[in-house]
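# Results of the structural survey
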Amino acid sequence: MVLNSIEKLLEKYENGETTLKEEQHLKHYFTQEEVAPHLESYKAMFNYFQVTKQEQFTKDVPLKSRNKNLYKWISVAAVAVLMVSVFTFTNKEEGLGSLNEEQLLAYNQTKEALSLLSSKFNDGASSLNALTLASQNLEKGVDHMSLINEFNTSTNKIFKTN
């Protein structure tokens, strides 16, 4: 009779329909020395549950997060960017009037050199535009050649001159 009720409880346990008291009854049955031979696999399972219930985690869990340091460095970088931008905008308001003759001469020479460099780059870019135009025309020629080739294959099919 006891074996029959244990089997019914096991069926309810597998379906997830047992109460805590019924589960306690199953645990008590399977911790005994004598268990029905066809239920031996359940004994191992319930013993495993009993053993793992007594295990404890002994390692320390680090509670210090790394995000705090990251936020500190991000805030330092933001302050640095803000200071640089404020410094550059306040210096631009003074303009060229605050420069001495030597600095103005260096500024003008640098401006002329950069202008010359810019014009040479623009000339190079215009020659590249000519190459681009030539490349486009070459592609059109290749397309026309493919049309001629297609015309040739179709006339060969019509006149059957392979």
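Thresholds applied
- By convention here, each chain's residues receive numbers from 1 onward along its written sequence.
- Residues qualify for local features only when their pLDDT is at least 70, as the model is predicted, and side-chain atom pairs are given and counted only at 80 or more; totals for whole chains, interfaces and linings, by contrast, use all residues.
- Just so you know, side-chain values use all the structure's heavy atoms and leave hydrogens and water out.
- Helix axes are fitted only over the stretch in contact, all axes being lines through C-alpha atoms; the angle between N-to-C directions runs from 0 to 180 degrees.
- Secondary structure follows DSSP: runs of H or I at least 4 residues long count as helices, runs of E at least 2 residues long count as strands, and numbering of each begins at the N terminus.
- Our angle categories are set so that under 35 degrees counts as roughly parallel, over 145 as roughly antiparallel, 65 to 115 as roughly perpendicular, and the remainder as oblique.
- Two residues qualify as a contact provided that any one of their heavy atoms is within 4.5 Å of a heavy atom in the partner residue.
- By convention in these notes, a salt bridge is any Lys or Arg side-chain nitrogen within 4 Å of a carboxyl oxygen on Asp or Glu.
- Side-chain rings of Phe, Tyr and Trp (the six-membered ring for Trp) are treated as a pair once their centres are within 6.5 Å; stacked means planes under 30 degrees apart, edge-to-face means over 60, and tilted covers the remaining angles.
- Relative accessibility thresholds used throughout: buried, under 20% of the residue-type maximum; exposed, over 50%; partly exposed, between the two (1.4 Å probe, protein chains only).
- Along the chain, pLDDT gives the predictor's confidence residue by residue, from 0 to 100.

### Looking at the packing of helix H2 (residues 20–30) against helix H3 (residues 40–54)
Between H2 and H3, the shortest axis-to-axis distance is 9 Å and the interhelical angle comes to 110°. With respect to H3, the element H2 is oriented roughly perpendicular. Of the residues in H3, those in contact with Leu 26, Lys 27 and Phe 30 of H2 are Tyr 42, Lys 43, Phe 46 and Asn 47.

### What to know about the pattern of salt bridges
Inspection of the entire model under this criterion finds 1 salt bridge. The partner of Glu 22 in a salt bridge is Lys 12, and the shortest N-O contact between them spans 2.9 Å. Residue Glu 22 is located in helix H2, and its partner Lys 12 is located in helix H1 (residues 2–15); the two are separated by 10 residues in the primary sequence.

### Regarding the packing of aromatic side chains
Scanning the model with the defined rule gives 6 aromatic pairs in all. Both rings, one in Phe 30 and one in Phe 46, keep their centres 5.0 Å apart while their planes meet at 5°; by these two values the pair is stacked. Note that Phe 30 is positioned in helix H2 and Phe 46 in helix H3, a separation of 16 residues in sequence. Each member of the pair, Phe 30 as well as Phe 46, is classed as buried. Residues Tyr 48 and Phe 49 carry aromatic rings whose centres are separated by 6.2 Å and whose planes lie at 55° to one another, so their mutual orientation is tilted. Exposure remark for Tyr 48: the relative accessible area of 53% places this residue in the exposed category. Judged by its relative accessible area of 33%, Phe 49 is partly exposed. Aromatic ring contacts, followed pair by pair, group Tyr 13, Tyr 29, Phe 30, Tyr 42, Phe 46, Tyr 48 and Phe 49 into a single cluster.

### Notes on the confidence of the model for the protein chain
Residues with a pLDDT of 70 or more make up 90% of the protein chain, whose mean pLDDT is 81. Confidence scores differ between elements of the protein chain, with helix H4 (residues 67–94) showing the lowest mean pLDDT of 75 and H2 the highest of 86.

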